[in-house]
Amino acid sequence: MPIATPERYAEMLDAAKSKGFAFPAINVSSSQTLNAALKGFADAGSDGIIQISTGGADYLSGPSVKNMVTGSVAFAAYAAEVAKNYPVNVALHTDHCPKDKLDGFVRPLIDISAERVARGEAPLFQSHMWDGSAVPLEENLQIAEELLAKCAAAHIILEIEVGVVGGEEDGIVGAIDDKLYTTPEDALATVRALGTGEKGRYLTALTFGNVHGVYKPGNVKLRPEILKSAQEAVVAELGLDAGAKPFDLVFHGGSGSTAEEIAAAVDYGVVKMNVDTDTQYAFTRPVAAHMFNHYDGVLKVDGEVGNKKQYDPRSWGKAAEAGMAARVVEACENLRASGHTLGA
């Protein structure tokens, strides 16, 4: 199917919220990882989200070029073409963008989408993330308000982060401290600044002990009930019906989370969960196995010529893509997204 239109993306998120599941948002950094993500969603019968980080966009432009906008535009164009061959809806998203990279990443991409929309075309990306976790909340929300207006005009959904995700991703380091836990007061400040949709739709990453990268369960205490408290605080503030979920929530830093923690987060309103570290490993592990098992074919050992079929990048690349696609299927199952597609 073609890349999801803004209207279809909104329908996807609405369906996740009303039916109690969440979409895996799979980070990619190459055509191979993109193809693996698409295959995984198709195998799971699930619509989904594919995203690139600042580092992924930089890499996609070419290691000697390192231009995030160039990489993003190239990625979106390639994704738009190959996605037509898969029977699921896919939305394109840009991941964590800190303040110092806004002018070189998100703002130019929003401008490109605004130009496309003015010509009657779809935006280049369906959503963008502004990561204001490293600045004071007031500044975070001021910038978010400005970006939300621009995104809404370009038919794009904004994603924000309120609180701090610990660990490291693409050079962005979050300390592991009390800021890992968003407070109800933070949630209320967010709604007061950005509204509940009337100023434009946005996704909110509230933090409840999340950490980027690799960690074992128990090293950091996840507290999904924080998400429930945030939703309830806004319900009380606005006089909404009991049990309403005003926030469209995002789960960051989920590697090592238990099935119970993931299920609780989805129950409290998570509609999108970022998946990166686990799929990176799932892609690389089969490559390592191929190289170890066929070392005398991929290397020209003792003056021999090796085996072209074994060092052909397609031979190990197919195995890598299959491994990553299987992990995407697992993510869909964990988030109850399997079998959920809106169709054409």
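All values reported here derive from a predicted model rather than from experimental measurement.

Here the focus is the overall build of the protein chain. If you tally the helices and strands in the protein chain, you get 13 helices and ten strands. For the protein chain, whose C-alpha radius of gyration is 20 Å, the value lies close to the compact-globule estimate of 20 Å for 344 residues. In terms of its C-alpha atoms, the protein chain occupies a principal-axis envelope of roughly 75 × 50 × 40 Å. Split into buried and exposed, the 344 residues of the protein chain put 52% on the buried side. The contacts in the protein chain between residues at least 6 apart in sequence include a share of 74% that link residues at least 24 apart. Distance between charge centres in the protein chain, computed from 30 positive and 45 negative side chains, equals 5 Å.

Quick look at the pattern of salt bridges now. For the structure shown, the criterion picks out 21 salt bridges. Residues Arg-8 and Glu-11 are paired through a salt bridge, measuring 3.1 Å at the closest nitrogen-oxygen approach. On the criterion of helical spacing, the pair formed by Arg-8 and Glu-11 is a turn pair, its members being three residues apart in helix 1 (residues 6-19). Here Arg-8 falls in the buried class, since its relative accessible area comes to 19%.

On to the pairing of strand 10 (residues 270-275), then. In terms of residue burial, strand 10 counts as a mostly covered element, since six of its six residues are buried. As judged from the four bridges shared by strand 1 (residues 23-27) and strand 10, these two strands associate in the parallel manner. Across the sheet, the residue bridging to Ala-25 is Asn-274, located in strand 10. With three bridges connecting them, strand 9 (residues 249-251) and strand 10 associate as parallel partners. Counted as the bridge partner of Phe-251 is Met-273 from strand 10. The parallel pair strand 9 and strand 10, bridged by helix 9 (residues 259-267), forms a crossover whose chirality is right-handed.

With 93 residues, the main nonpolar core has Val-28, Ile-50, Phe-75, Leu-92, Trp-130, Leu-158 and Ile-160 as its most contacted residues. For Phe-75, the contacting residues outside a window of four places in its chain are Val-28, Leu-34, Ile-50, Ile-52, Leu-60, Leu-92 and Phe-125.

Put simply, the protein chain has an average pLDDT of 93, and 92% of its residues get 70 or more. pLDDT under 50 marks residues 172-177. Its contacts with residues more than four places away, or in other chains, come to 17 contacts.

The end-to-end C-alpha distance of helix 1, which contains 14 residues, comes to 20 Å, matching closely the 20 Å that a straight helix rising 1.5 Å per residue would cover. Looking at the residues trailing helix 1, positive phi occurs at Gly-20, about 75°.

What follows covers the packing of helix 4 (residues 68-82) against helix 5 (residues 106-118). Running from amino to carboxyl end, helix 4 crosses helix 5 at an angle of 45°, the nearest separation of the two axes being 9 Å. As summarised for this structure, helix 4 and helix 5 are arranged oblique, according to the angle between their axes. For the pair helix 4 and helix 5, the crossing hand works out as right-handed. In contact with Val-69, Ser-72 and Val-73 of helix 4, helix 5 contributes Pro-108, Leu-109 and Ile-112. Its residues assigned to classes, the contact of helix 4 with helix 5 shows five nonpolar, one polar and no charged.

Note that Asp-278 resides in helix 10 (residues 277-293). Setting aside residues up to four positions removed in sequence, Asp-278 forms contacts with Ser-255 and Arg-327. In this structure the side chain of Asp-278 is engaged in a polar contact, spanning 2.8 Å, whose partner is the side chain of Arg-327.

Interaxial distance between helix 10 and helix 13 (residues 313-334) falls to 8 Å at its minimum, and their mutual angle equals 145°. Where helix 10 crosses over helix 13, the handedness of that crossing is right-handed. Within the contact between the two elements, helix 10 uses Asp-278, Thr-279, Ala-282, Phe-283, Pro-286, Val-287, His-290 and Met-291 and helix 13 uses Ser-315, Trp-316, Ala-319, Ala-320, Glu-321, Gly-323, Met-324, Arg-327 and Val-328. Of the residues that constitute the contact of helix 10 with helix 13, the class distribution is ten nonpolar, four polar and three charged.

The next point concerns the environment of Ser-72. Its location among the elements puts Ser-72 in helix 4. For the pair Ser-72 and Phe-105, spaced 33 residues apart in sequence, the C-alpha to C-alpha distance is 8.5 Å. Once residues lying within four places of it in the same chain are set aside, the contact partners of Ser-72 are Ile-52, Ala-57, Phe-105, Leu-109 and Phe-125.

Looking now at the state of the cysteines. Counted under the stated rule, the structure contains zero disulfides. Residue Cys-151 stays outside any disulfide, its sulfur separated by 11 Å from that of Cys-97, the closest cysteine.

This paragraph deals with unusual backbone geometry. If you check the backbone angles, Lys-66 has positive phi at about 55° while not being a glycine. Position of Lys-66 relative to the elements: it lies in the loop between helix 3 (54-60) and helix 4.

Analysis parameters
Residues numbered from 1 in each chain as written. Predicted model: local features only at pLDDT ≥ 70, side-chain atom pairs only at ≥ 80, totals over all residues. Heavy atoms only, no water. Helix = DSSP H or I, 4+ residues; strand = E, 2+ residues; numbered from the N terminus. Rg over C-alpha atoms; globule rule 2.2 N^0.38 Å. Buried < 20%, exposed > 50% of the residue type's maximum accessible area, 1.4 Å probe, protein only. Contact = heavy atoms within 4.5 Å. Lys, Arg positive; Asp, Glu negative; His and termini not counted. Charge placed at Lys NZ, Arg CZ, Asp CG, Glu CD. Salt bridge = Lys/Arg side-chain N within 4 Å of Asp/Glu carboxyl O. Pairing = 2+ DSSP bridges. Right-handed = clockwise from strand over helix to strand, strands pointing away. Core = buried A, V, L, I, M, F, W, Y, C linked by side-chain atoms within 4.5 Å. pLDDT = per-residue confidence, 0-100. Expected span 1.5 Å × (residues − 1). Axes fitted to C-alpha atoms, helices over the stretch in contact; angles between N-to-C directions. Parallel < 35°, antiparallel > 145°, perpendicular 65-115°, else oblique. Left-handed = near helix turned anticlockwise from the far one by under 90°. Nonpolar A, V, L, I, M, F, W, Y, C, P; charged D, E, K, R; others polar. Polar contact = N/O pair within 3.5 Å; in protein donor to acceptor, adjacent residues only side chain to side chain. Disulfide = S-S within 2.5 Å.

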